[in-house]
Amino acid sequence: MIRAKSSQWITGLFLLLSGHAAFAGWGDLNMTRGVTEISREVYDLHMIIFGVCVLIGIVVFGVMIVSMLMHRKSLGAKPATFHENTRLEYLWTIIPIVILIGLAVPATGTLRAMYDAGESDLDIEVRGLQWKWQYTYLNEDPTREVKFVSNLLTPATEINNQADKGQFYLLEVDEPLVIPVNKRIRFLITSEDVIHAWWVPAFAVKKDAVPGFVHESWAIVEEPGVYRGQCAELCGKDHGFMPIVVHAVEQSEYETWLAGKQEEARLVYETVGKEWTKDELMATGEDVYARVCQTCHQANGQGIPPAFPSLVGTGLSVGPIDAHIDIVVNGKAGTAMQAFGSQLNPAELAAVITYERNAWGNDTGDVLQPSRVNEMLTGGQ
Amino acid sequence: MSAVIEEHHDDHHHGPDKGIMRWVLTTNHKDIGTLYLWFSFIMFLTGGVMALVIRAELFQPGLQLVQPEFFNQMTTMHGLIMVFGAVMPAFVGLANWLVPMMIGAPDMALPRMNNFSFWILPFAFAMLLSSLLMEGGAPNFGWTFYAPLSTDYGPPSTTFFIFGVHLMGISSIMGSINVIVTILNLRAPGMTLMKMPLFVWTWLITAYLLIAVMPVLAGVVTMMLMDIHFNTAFFNAGGGGDPVLFQHVFWFFGHPEVYIMILPAFGVVSAIIPTFARKRLFGYDSMVYATASIAFLSFIVWAHHMFTVGIPIAGELYFMYATMLIAVPTGVKVFNWVATMWQGSMTFETPMLFSIAFVILFTIGGFSGLMLAIVPADFQYHDTYFVVAHFHYVLVPGSVFSIMAAVYYWLPKWTGNMYNETLGKTHFWLSFIGVNITFFPQHFTGLAGMPRRIPDYALQFADYNMISSCGAFLFGFSQLLFLFIVIRTIKGGKKATDQVWEGAHGLEWTIPSPAPYHTFSTPPKDLSEAHG
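Residues numbered from 1 in each chain as written. Chains lettered and ligands numbered in written order. Predicted model: local features only at pLDDT ≥ 70, side-chain atom pairs only at ≥ 80, totals over all residues. Heavy atoms only, no water.

1. So, the pairing of strand β6 (residues 196-200) of chain A
Residue and element names in this part refer to chain A.
- β6 sits mainly inside the fold: five of its five residues count as buried.
- Bridge analysis of β6 against strand β7 (residues 205-209) gives five bridges, and the strand direction is antiparallel. By the bridge assignment, W198 is partnered in β7 with K207.
- Relative to strand β9 (residues 225-231), β6 runs antiparallel, the two sharing two bridges. Following the sheet pairing, W198 is matched in β9 by C231. (Buried < 20%, exposed > 50% of the residue type's maximum accessible area, 1.4 Å probe, protein only. Helix = DSSP H or I, 4+ residues; strand = E, 2+ residues; numbered from the N terminus. Pairing = 2+ DSSP bridges.)

2. Quick look at the sheet that holds strand β1 (residues 122-129) of chain A
All names here are of chain A.
- The mixed open sheet is built from five strands, whose spatial order is β3-β2-β1-β5-β8. Both outer strands of the open sheet, β3 (146-150) and β8 (215-220), are each paired with one neighbouring strand and no more. Here the average twist between neighbouring strands, direction ignored, is 25°. (Axes fitted to C-alpha atoms, helices over the stretch in contact; angles between N-to-C directions.)

3. Brief notes about the interface of chain A and chain B
- With 94 residues of chain A in contact, the opposing surface of chain B contributes 102 residues.
- The contact between chain A and chain B buries some 8700 Å² in all, and 70% of this surface belongs to carbon and sulfur atoms.
- At the junction of chain A with chain B, the criterion picks out one salt bridge.
- Between K73(A) and E502(B) there is a salt bridge, and its shortest N-O distance comes to 3.0 Å.
- The interface formed by chain A and chain B contains 27 residue pairs in polar contact (both at pLDDT 80 or more).
- Counting residues per element, the ones that place at least two in the side of chain A that touches chain B are α1 (2-17), α2 (37-70), α3 (86-115), β7 and β9 of chain A.
- Among the elements that line the side of chain A that touches chain B, the one with the most residues is α3(A), at 16 residues.
- For the side of chain A that touches chain B, the class distribution of residues is 53 nonpolar, 25 polar and 16 charged. (Contact = heavy atoms within 4.5 Å. Buried area = accessible area lost by both parts, 1.4 Å probe. Salt bridge = Lys/Arg side-chain N within 4 Å of Asp/Glu carboxyl O. Polar contact = N/O pair within 3.5 Å; in protein donor to acceptor, adjacent residues only side chain to side chain. Nonpolar A, V, L, I, M, F, W, Y, C, P; charged D, E, K, R; others polar.)

4. A word on the nonpolar core
- Within the largest apolar cluster, 260 residues are counted, with the highest numbers of intra-cluster contacts made by W198(A), F203(A) and F84(B).
- Ranked by the residues each element gives to this core, the list is headed by helix α4 (residues 68-103) of chain B, at 22 residues.
- Taken domain by domain, the makeup of this core includes at least three residues from each of domain 1 (31-115) and domain 2 (122-269) of chain A.
- Discounting residues that sit within four places of it in the chain, W198(A) has contacts with V126(A), W133(A), Y135(A), L177(A), F187(A), I189(A), V205(A), K206(A), K207(A), I244(A) and V246(A).
- Within the second largest apolar cluster, 25 residues are counted, among which are L311(A), I321(A), I327(A) and L349(A). (Core = buried A, V, L, I, M, F, W, Y, C linked by side-chain atoms within 4.5 Å. Domains from an automatic or database assignment.)

5. Quick word on the environment of V60(A)
- Here V60(A) shows up in helix α2.
- On the accessibility criterion, V60(A) (7% relative accessible area) is buried.
- With sequence-adjacent residues up to four places away left out, V60(A) is seen in contact with V334(B), F335(B) and V338(B).

6. Considering the pattern of salt bridges
- In the structure shown here, the tally under the stated rule is 16 salt bridges over all chains.
- Across the salt bridge formed by D238(A) and K237(A), the nearest N and O atoms sit 3.2 Å from each other.
- Among the residues examined, D238(A) registers a relative accessible area of 8% and is labelled buried.
- Residue K237(A) is classed as buried on the basis of its relative accessible area of 11%.
- A salt bridge links R372(A) to D322(A), with the nearest nitrogen and oxygen atoms 2.6 Å apart. Here the residue R372(A) occupies a position in helix α9 (residues 370-379), and D322(A) occupies one in helix α7 (residues 321-330), the gap between them amounting to 50 residues.
- Look at the salt bridges and you will find they share partners, linking K73(A), R278(B) and E502(B) into a network.

7. Observations concerning the confidence of the model for chain A
Residue and element names in this part refer to chain A.
- On average, residues of chain A score 87 in pLDDT, and 91% of them reach the 70 mark or higher.
- Here residues 1-7 is a poorly scored stretch, pLDDT under 50, and it has five contacts once near neighbours within four places are set aside; other chains count.
- Contacts of residues 9-27 to residues separated by more than four positions or lying in other chains number 16 contacts, the stretch itself having pLDDT below 50. (pLDDT = per-residue confidence, 0-100.)

8. Comments concerning the environment of N374(A)
Residues and elements named next belong to chain A.
- Along the chain, the position of N374 falls in helix α9.
- Owing to a relative accessible area of 24%, N374 belongs among the partly exposed residues under this scheme.
- Along the sequence, N374 and E356 sit 18 residues apart, while their C-alpha atoms lie 18 Å from each other.
- In this structure N374 touches V272 and P346, once residues within four positions along its chain are discounted.

9. Quick notes on the side chain of S286(B)
- Here S286(B) is to be found in helix α10 (residues 284-297).
- Note on S286(B): relative accessible area 18%, which makes it buried.
- Filtering out sequence-adjacent residues up to four positions away, S286(B) remains in contact with E89(A), V332(B) and N336(B).

10. Topic: helix α8 (residues 243-260) of chain B
Residues and elements named next belong to chain B.
- Here α8 contains 18 residues, and its C-alpha end-to-end distance of 26 Å stays within 8% of the 26 Å for a straight helix at 1.5 Å per residue.
- When the local axis directions of α8 are compared, the greatest deviation, roughly 30°, occurs at W251.
- Counting buried positions along α8 yields 14 of 18 residues, so the element is predominantly enclosed.
- Structurally, the start of α8 carries an N-cap: the backbone nitrogen of V244 is 2.7 Å from a side-chain oxygen of D242. (Expected span 1.5 Å × (residues − 1). Bend = angle between axes of the 7 residues up to and from the residue.)

11. Thoughts on the side chain of T519(B)
Residue and element names in this part refer to chain B.
- Within the secondary structure, T519 is located in the segment after α17 (462-491).
- There is a polar contact of 2.8 Å between the side chain of T519 and the side chain of K30.
- In contact with T519, other than residues within four places in its own chain, are H29, K30, M101, A105, P106 and I511.

12. Describing a nonpolar patch on the surface
Residues and elements named next belong to chain A.
- A cluster of nonpolar side chains, M47, F50, V54, L55 and I58, forms an exposed patch at the surface whose accessible area comes to about 450 Å².
- Inspection of the secondary structure assignment puts V54 in helix α2.
- Taking the relative accessible area as the measure of exposure, V54 reaches 35% and is therefore partly exposed. (Patch = residues over 30% accessible without salt bridge, like charges linked within 9 Å, V, L, I, M, F, W, Y side chains within 5 Å. Areas by Shrake-Rupley, 256 points an atom, 1.4 Å probe, with all protein chains shown as cover.)

13. Things to note about empty space enclosed by the protein
Residue and element names in this part refer to chain B.
- Throughout the structure, instances matching the rule amount to four cavities of 30 Å³ or more.
- Here the second largest cavity defines a volume of roughly 130 Å³.
- For the second largest cavity, the lining is made up of 13 residues, of which M88, P89, V92, S171 and S172 are closest to its centre.
- Those elements that provide at least two residues to the lining of the second largest cavity are α4, α6 (158-185) and α7 (198-229).
- The element contributing the most residues to the lining of the second largest cavity is α6, with five residues.
- Looking at the lining of the second largest cavity residue by residue, the classes come out as nine nonpolar, four polar and no charged. (1 Å grid on protein atoms, 1.4 Å probe; cavity = no way out; pocket = protein on both sides within 12 Å on 5 of 7 lines; lining within 4 Å. Points joined across faces, edges and corners; volume = space filled by probe spheres on them.)

14. A closer look at the domain arrangement of chain A
Residues and elements named next belong to chain A.
- If you check the domain split of chain A, you get domain 1 (31-115), domain 2 (122-269) and domain 3 (272-378).
- The distance between the C-alpha centroids of domain 2 and domain 3 comes to 25 Å.
- The partner domain 3 presents 15 residues to the 15 residues of domain 2 that form the contact.
- Across the domain 2/domain 3 interface, buried area totals approximately 1100 Å², and carbon plus sulfur atoms make up 49% of it.
- By the criterion of area lost to domain 3, the three top residues of domain 2 are K237, V268 and Y269, representing 34% of everything that side buries.
- At the junction of domain 2 with domain 3, the criterion picks out three residue pairs in polar contact (both at pLDDT 80 or more).
- Looking at the side of domain 2 that touches domain 3, the elements that each hand over two or more residues are β2 (132-137), β3 and α5 (251-272).
- Grouping the constituent residues of the side of domain 2 that touches domain 3 by class yields five nonpolar, three polar and seven charged.

15. Concerning the sheet that holds strand β4 (residues 177-180) of chain A
Residue and element names in this part refer to chain A.
- The five strands are arranged β4-β10-β9-β6-β7 in an open sheet whose pairing can be described as mixed. The two strands at the open ends of the sheet, each matched to only one other strand, are β4 and β7. Neighbouring strand axes in the sheet, compared pairwise and without regard to direction, differ in orientation by 25° on average.
- Across the face of the sheet, α5 comes into contact with β4 and β10 (243-249) while running at roughly 140° to β4.

In structure tokens form, the structure reads like this:
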């Protein structure tokens, strides 16, 4: 693996040094043009400024290089005695100002367009959490509101180099955001804990998710496809592991997907009322734990103290069950422990709490029913 | 009081004390300058090792050497140590050595405070570094320590970090007061402000910037301290505070801070280029005015670090226009350096090589800075490796190269010996190539979409990261050659003349090499050589 890589690297360096244009296999060198009108404007703006900088660079560095080649003592150059020239000083103050105005005008236009949110066709709340994104499709009818959490899908084995890395390594999620094309989508971006930033390069949307504040951004995606992005603001341990995947689909496909999600939500709530067996709870709980809790508390439940406490044989996992439910549902302020009451459904909450109280030799024998969690959730409101 | 003065008078003509106490108790500006410079070099290597840990982890996709928690500690400590431990103290060291010699003063105006402001630093950094060994690890929230990641979610060692920052701030403020008082009061008779060498000018302005913004930094870390330990909610929306307030206050310090790290570099380069072009600095007056304009503008552009935090459009436009304006005085400086070189009679000794590389690579950093100023484009660049490439171009081949240029340029004056030119040039070329291999590809990874501060990355970024890491190791290990050259020069070598360089002008070149322990005990009469 390493050997293959280094030969590739040497070839690449050779291409770079020889000024070869064959960079096809190297991924994009430049900013993406994207799939919205705004993203293309941003790209054009980027290319204009880049071009201006290159031109200025050629002139300034050109003069320097000519000077370095010609005005050398070894060539017998005698130093001139001039050391000021007011006209020249004015000239190279005024010319840059004119160039800057030339750049500021189109930049102002694009920025105004970006800030002109207008009436949206669809509002989606984007909520950053350590270290995943939660999407809520806002709907006037709360029972038809679709809400889910989008987690990194790349398995730990790939990250720890125990398995070959897939094509979309670190840029794949279990449940992508799905949006219709050619509709004006408004993203309402906020955070549950620390500051994150929601960034999809193909839409030229990057906005900080600030806890306690809601920021707005929008996009009209013109081409169906899968668009990938990442959290752009340092948000703690797994900042590098909270990707964003957006599926842009045709309107009809979007509607089918939405109806399916709404039905799924309804089914989940039906299971809340039923009596679960311990084995069912343990099986579901193990899945939920692996998906949600394991990043911090680790697969063996030992955590990474002191930031992420151990769940084995100590603390709330073997203590009073009400306190255990409370910390899972409401989180703990000032720590990385989130309030999972809004992220997981009652069945998942009951299952994962049951799992934690019986796994790794905790063996409390406690079985928590989803109905009881539901009572606590609704009773608490 | 009078006893102190008499005592001072008594040993006035003696040389330095013997042994370790010479360095602990010294009030001599040359000794303190030396202490600052060695301290900053040790910190440069320490922060450099951390950078190499980062680059080693990023050599390939996947987690190989360190876990994300430790990776974040490394990025944080690397930034803090390089900014506060390496670059700033190095410039203070240069100021200590050079300002009195350049203005014809016998010493710094406040020698005991000078001693104190240095000796705070080793303790501040010992405390900061000790947090690596604490439970929960060192600060891991980036050198910008944004709340609430650094407050509600920070490790227990955050409090030590806050105290460390306070100490560094006290040290910087005392150092700045000393520089200002020295320059304003101890200039040789006849040396008006507009006759001062540009290095002295840039340091005078830098010192004012430091005095203006270090208290702001102290304020923001104190607010953090209150939030962490005393249940205030300055930066907690749940208690009526605002996380974005943190960023406003931080960057009100942070933006002038980047000019604190570059203005003295402008001064160094403005001294070296005329020497080796054998021609007076072009546009001295406009250089002074440009420096002052940059310093002023640096106070009114802070939010360009925060274009994505949801500032209203009027704010975005204002900060974009104001930021673009900085390109004007900065351009004036670059054009002046080029005009100084034009029709000179140039030779390319090591200090000149570093200075020319400074002008070219700093300008490249300036170009990417201009690109970052354009708000719509910044939405794509922000918090990516493009930004990392940008600020490393202005800081490494910018500030750090100027410091190296300064060391090669004035080392013969300090030690009385010439350094080995072949080794110096080798060090330059290794550094120049290393820096560009490290940071140039980062422009591409950034544009292609790689966020900064991540311990692992998607596969399309693999090749450029590998190149970048190779460059970093080349640059890092080349600095051991620098250490070797400096030690060798201190121990011996060809004797330097008083003027050292054929084209050098300025009061420091009128005194013997090595500079005697006490210089300009009586002010110089002839100021015709005062600035180049």
